[in-house]
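# Overview (structure and organization)
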Amino acid sequence: CHAQKSAREQKVDEERLQILQYGLDFTEKLKEEVRKRDHRQCVDCGVSERSLRKKLSIHHLDGNKKNNDMDNLVSLCLRCHNKRELLLKQKINSF
C-alpha cells in the first residue's frame, strides 16, 4: 500500500510535469513579460487582469508548448483560452 504524497511532493511533481510539457524556458518571468507586453489584457476580448482579479493565461499560438518564443505567446482570459484550445483541437482533428 502506497502512502499519499504530501502537498510539497505533489507540487514538485506538478513542476516537473510542467517542465516536461513546456520546457525549461517557460518561466513565470517569461509569462509576466507576455502579460506586460499585452497590457495585462486578454488579446481576444480585452478583459483586464484587474477586472478578473487573477492572472491571464499564456497561450501558445502554434499549439507547440515548447515553442516559447515571445512571438508565439499571447495573454488570454480563461474563457478565451478555452475557446482557442478547442479550435486548435478541432483543426488538428480535421486533418
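Now for a description of the structure that goes with this document.

Conventions we followed
Residues numbered from 1 in each chain as written. Predicted model: local features only at pLDDT ≥ 70, side-chain atom pairs only at ≥ 80, totals over all residues. Heavy atoms only, no water. Helix = DSSP H or I, 4+ residues; strand = E, 2+ residues; numbered from the N terminus. Expected span 1.5 Å × (residues − 1). Buried < 20%, exposed > 50% of the residue type's maximum accessible area, 1.4 Å probe, protein only. Arc of directions from axis to C-beta. Contact = heavy atoms within 4.5 Å. Patch = residues over 30% accessible without salt bridge, like charges linked within 9 Å, V, L, I, M, F, W, Y side chains within 5 Å. Areas by Shrake-Rupley, 256 points an atom, 1.4 Å probe, with all protein chains shown as cover. Salt bridge = Lys/Arg side-chain N within 4 Å of Asp/Glu carboxyl O. Lys, Arg positive; Asp, Glu negative; His and termini not counted. Charge placed at Lys NZ, Arg CZ, Asp CG, Glu CD.

### Let's talk about helix H4 (residues 78-93)
Between its first and last C-alpha atoms H4 spans 22 Å; for 16 residues at 1.5 Å apiece the expected length is 22 Å, and the two agree. Among the residues of H4, those classed as buried are Cys80, His81 and Leu88. Along H4, the residues classed as buried sweep out an arc of 100° about the axis, all on the same side. Summarising the geometry of H4, the exposed residues directed more than 90 degrees from the buried face are Arg79, Leu86, Lys89 and Asn93.

### Brief notes about helix H2 (residues 28-37)
Note: α-helices contain 3.6 residues per turn, so residues at a spacing of three or four share the same orientation. The complete set of buried residues in H2 reads Leu30, Lys31, Val34 and Arg35. The arc that holds every buried residue of H2, seen down its axis, measures 140°, which confines them to one face. Residues of H2 that are exposed and angled more than 90 degrees away from the buried face: Lys29 and Lys36. For H2, the secondary structure elements touched by its buried residues are helix H1 (7-22), helix H3 (49-52), strand E1 (57-60) and strand E2 (73-76).

### Quick notes on the environment of serine 6
Tracing the sequence through the fold places serine 6 in the segment before H1. Separated by 63 residues in the primary sequence, serine 6 and aspartate 69 place their C-alpha atoms 35 Å from one another.

### Re unusual backbone geometry
One can expect most non-glycine residues to show negative phi and most peptide bonds to be in trans. Backbone geometry places arginine 40, a non-glycine residue, at a positive phi of 55°. For arginine 40, the location among the structural elements is in the loop between H2 and H3. Within the chain, arginine 53 stands out as a residue other than glycine whose phi angle is a positive 60°. Along the chain, arginine 53 falls in the loop between H3 and E1.

### Description of the side chain of glutamate 49
With respect to the helices, strands and loops of the structure, glutamate 49 is situated in helix H3. Residues within four places of glutamate 49 in sequence aside, it is in contact with Arg35, Arg40, Lys54, Lys55 and Leu56.

### Quick look at a negative patch on the surface
On the surface, Asp25, Asp62, Asp69 and Asp71 cluster together to form a negatively charged patch. Mapped onto the elements of the fold, aspartate 62 is located in the loop between E1 and E2. On the accessibility criterion, aspartate 62 (40% relative accessible area) is partly exposed.

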